[in-house]
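# Residue-level structural notes
So you can see what is in the structure, the chains are spelled out below.
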Amino acid sequence: SNLDPDNFTEYFSASKVTIINDEAELATPYQYVGSVEGQSCQEKAHHALPDEITARTNARKNAYQLNANAVLFTGCTLIDNNEADKQCIATRVCYAKAFRTQTSH
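Read on for an overview of the structure. Throughout, residues of each chain are indexed from 1 in the direction in which the sequence is written. In keeping with the predicted nature of the model, local features appear solely for residues at pLDDT of at least 70, side-chain atom pairs appear and are counted solely at 80 or more, and the whole-chain, interface and lining totals rest on all residues. Heavy atoms from the whole structure form the basis of all side-chain values; hydrogens and water molecules are not counted.

The next subject is the overall build of the chain. Helix and strand definitions here come from DSSP, where helices need a minimum of 4 consecutive H or I residues and strands a minimum of 2 consecutive E residues; each element is numbered from the N-terminal end. Assigned secondary structure in the chain consists of 2 helices and 4 strands. Put simply, the chain runs from its N terminus to its C terminus through helices and strands in the order α-β-β-α-β-β. Here's how the labels work: a residue is buried when its accessible area is under 20% of the maximum for its type, exposed when over 50%, partly exposed in between, all with a 1.4 Å probe on protein chains only. Counting all 105 residues of the chain, 30% fall into the buried class. Contacts between residues were defined by any pair of non-hydrogen atoms, one from each residue, lying within 4.5 Å. Sequence separation of at least 24 residues holds for 69% of the intrachain contacts in the chain that already meet a minimum separation of 6. Looking at the chain as shown, the accessible area adds up to about 7,000 Å², and 48% of this sits on carbon and sulfur atoms. Every accessible area reported is derived by Shrake-Rupley at a probe size of 1.4 Å, with residue values counting cover from the shown protein chains alone.

In structure tokens, the structure reads:
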């Protein structure tokens, strides 16, 4: 089989990161591990607009890479005519705080 197990880990990594609405929801003890962001790109004018769901999922994947298991989204923004990114004509970016909590098994 040519299936790479790392691809499955990457694909499901976002599902291992819980979205919280307030730091008070975090199980204690917890640790702030850093800020993360995720993006969704519209490459061509005839493509769908960049969406928040994809940007948030990508932020959760990035949080997972930091060994975080919870994120608190702080905001999302749409960047039209993105001069800094030559591959995207529009970009949706979502920002979050990433946390690691103890999980019960």
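On to unusual backbone geometry. Peptide bonds are trans in most cases, and residues, glycine excluded, mostly fall at negative phi. With an omega of -5°, the peptide bond running from Thr 28 to Pro 29 counts as cis. By the element assignment, Pro 29 lies in the loop between strand S1 (18-20) and strand S2 (30-42). With a phi angle near 65°, Asn 67 is a residue other than glycine that sits in the positive phi range. As for its position among the elements, Asn 67 is in the loop between helix H2 (52-65) and strand S3 (70-80).

Limitation: the analysis is restricted to geometry and does not speak to function.
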